[in-house]
Structure formats: C-alpha cells, structure tokens
Amino acid sequence: GLNEYFLTDIQREKFEILRGSKKILRTKPNGETYYYSEGSMAFPDSLDLPGRTMLTSEASINRSTHVIEDEETGNLRFITPVEAERLQSFPDNWTNTGMPLKRRYFMMGNALVVNLISDMENMSALLLNRIFLASFYCSINLRIRLDFFH
C-alpha cells in the first residue's frame with residue numbers, strides 16, 4: 001500500500017520550512033556577514049504541471065524531494081518508485097531488481113528523461129539531414145553554375 005509514503009506531521013512541517021522562502025543572515029569564516037536567500041517552491045508539487053528535475057537525493061527529506069497530494073485520500077505523500085520511473089519516462093518497475101528502495105530513487109535521479117532524450121535525438125537527426133541535403137544541393141548548384149561559366 002501507500003501508507004509508507006504518507007508524510008507524518010513532523011515531515012510536513014519540515015517540508016513547509018524547506019519549501020518556504022528564506023532570508024538568513026550568515027557569517028563567513030572571515031567574520032563578514034551576508035544574507036543567504038532562496039525563493040519559495042510550490043508545496044505540494046502540482047500534478048497539473050510538468051515535473052521538476054529529479055535529483056539523486058529524492059529518497060531523502062530535502063527541498064527538492066517530490067511531494068504530492070494523494071488523489072484518493074487528499075493526504076500528502078512522497079512519490080512511489082514507480083511514479084519516479086514514470087516521471088523519468090521509464091517502464092513501470094524498471095528499477096525493481098532487488099535493489100534497496102533508496103537506491104531505486106537514486107537511479108531515477110541519476111537518469112536522463114528517456115522521452116526527452118529520444119525527442120532530442122529525433123530532432124537532431126532531422127536537422128542534420130536537412131543541413132546535409134542543403135549543403136549537397138548547394139554544392140550541386142555551385143557546380144552547375146561553375147560549369148556554365150566555363
């Protein structure tokens with residue numbers, strides 16, 4: 001079941017702090033002070049928007065960890081390993097090889113989004129073919145023009 005993925009009250013509070021905006025006065029080793037700041041992030045992640053980049057730290061509690069509202073219960077939860085695989089365009093249970101759960105998330109955070117890479121490959125091939133054909137036709141056209149003037 002999904003029970004192991006639901007956030008506890010303490011985890012929810014931690015995410016609200018992690019995802020909130022911050023402006024914190026800090027001190028460098030030399031004694032100079034500066035402000036560390038970061039903007040807020042949506043909490044929970046919206047299922048109506050494209051997914052954010054997944055990091056190798058997905059299995060930990062940090063600012064970038066994906067948290068969604070469960071569609072059936074309305075409770076907040078972590079994404080499952082299968083949802084992580086889907087977010088990266090892998091087949092369901094691709095990482096279900098007996099490796100530990102945290103390692104499955106790590107693998108998906110370390111992966112490239114399969115569909116995006118595939119689309120880029122197809123577009124690159126199309127562009128390279130067009131460039132090749134254009135240069136080929138230009139060279140033929142140039143040869144014809146040069147022959148005409150001889």
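My aim in this report is to walk through the structure given alongside it, one point at a time.

Definitions and limits used
- Every chain begins its residue count from 1, and numbering advances along the sequence as written.
- Where local features are concerned, this predicted model is filtered to residues with pLDDT of at least 70; where side-chain atom pairs are given and counted, the filter is 80 or more; whole-chain, interface and lining totals use all residues.
- Excluding hydrogens and water, the side-chain figures rest on all heavy atoms present in the structure.
- Strands here mean DSSP runs of E at least two residues long; helices mean DSSP runs of H or I at least four residues long; both are numbered from the N terminus.
- In this treatment the radius of gyration is a C-alpha quantity, and the globule benchmark scales as 2.2 Å times the residue count to the 0.38 power.
- Three exposure classes are used, based on accessible area relative to the maximum for each residue type with a 1.4 Å probe and protein chains only: buried under 20%, partly exposed in between, and exposed over 50%.
- We call two residues in contact when some of their heavy atoms are within 4.5 Å.
- In this tally, Asp and Glu contribute negative charge and Lys and Arg positive charge; neither His nor the terminal groups of the chain are included.
- Working definition for charges: the position is that of NZ of Lys, CZ of Arg, CG of Asp or CD of Glu.
- Two rings from Phe, Tyr or Trp (for Trp, the six-membered ring) form a pair when their centres sit within 6.5 Å of each other. Planes less than 30 degrees apart are called stacked, planes more than 60 degrees apart edge-to-face, and all others tilted.
- Grouping into patches uses exposed residues only, defined as over 30% relative accessible area, and leaves out salt-bridged ones; the cut-off is 9 Å for like charges and 5 Å for nonpolar side chains (Val, Leu, Ile, Met, Phe, Trp, Tyr).
- In this description, accessible areas are obtained by the Shrake-Rupley approach with a 1.4 Å probe, and a residue is regarded as covered only by the protein chains that are shown.
- For this analysis, a salt bridge means a side-chain nitrogen from Lys or Arg found within 4 Å of a carboxyl oxygen belonging to Asp or Glu.

Time to look at the overall build of the chain. On a plain count of helices and strands, the chain comes out with four helices and four strands. Taken from the N to the C terminus, the helices and strands of the chain come in the order α-β-β-β-β-α-α-α. Computed over its C-alpha atoms, the radius of gyration of the chain comes to 25 Å, more than 25% above the 15 Å expected for a compact globule of 150 residues. In terms of overall dimensions, the chain has C-alpha extents of about 85 × 50 × 30 Å along its principal axes. A buried classification covers 25% of the 150 residues belonging to the chain. The long-range share in the chain, meaning contacts at least 24 apart out of those at least 6 apart in sequence, stands at 45%. Across the chain, the mean location of the 17 positive side-chain charges is 9 Å away from that of the 19 negative side-chain charges.

One can find Ser 21 in the loop between helix H1 (9–19) and strand E1 (22–27). Note: C-alpha distance between Ser 21 and Ser 40 (19 residues apart in sequence) is 4.1 Å. Apart from the residues within four sequence positions on either side, Ser 21 is in contact with Glu 38, Gly 39 and Ser 40.

Okay, the packing of aromatic side chains next. Counted by the stated rule, this structure contains three aromatic pairs. Seen from their ring centres, Phe 15 and Phe 43 are 5.9 Å apart, and the 15 degrees between their planes marks the pair as stacked. Of this pair, Phe 15 sits in helix H1 while Phe 43 sits in the loop between strand E2 (33–38) and strand E3 (67–69), placing them 28 residues apart in sequence. Residue class for Phe 15 comes out buried when judged on its relative accessible area of 0%. We classify Phe 43 as partly exposed; its relative accessible area is 22%. Between Phe 15 and Phe 78, the ring centres sit 5.9 Å apart and the planes meet at 65 degrees, which makes this aromatic pair edge-to-face.

On the surface, Met 123, Leu 126, Leu 127, Leu 128 and Ile 131 cluster together to form a nonpolar patch covering roughly 490 Å² of accessible area. Inspection of the secondary structure assignment puts Leu 126 in helix H4 (residues 114–149). By relative accessible area, which is 38% here, Leu 126 ends up partly exposed.

Moving on, we get to the pattern of salt bridges. Within the structure shown, the criterion is met by 10 salt bridges. A salt bridge links Arg 77 to Asp 70; the shortest N-O distance between them is 2.8 Å. Take Asp 70: its relative accessible area is 5%, and that puts it in the buried class. Glu 83 is the salt-bridge partner of Arg 77, the closest N and O atoms lying 2.8 Å from each other. For Arg 77, a relative accessible area of 5% puts it in the buried group. Each of Arg 19, Asp 45 and Arg 52 takes part in one network of salt bridges that share partners.

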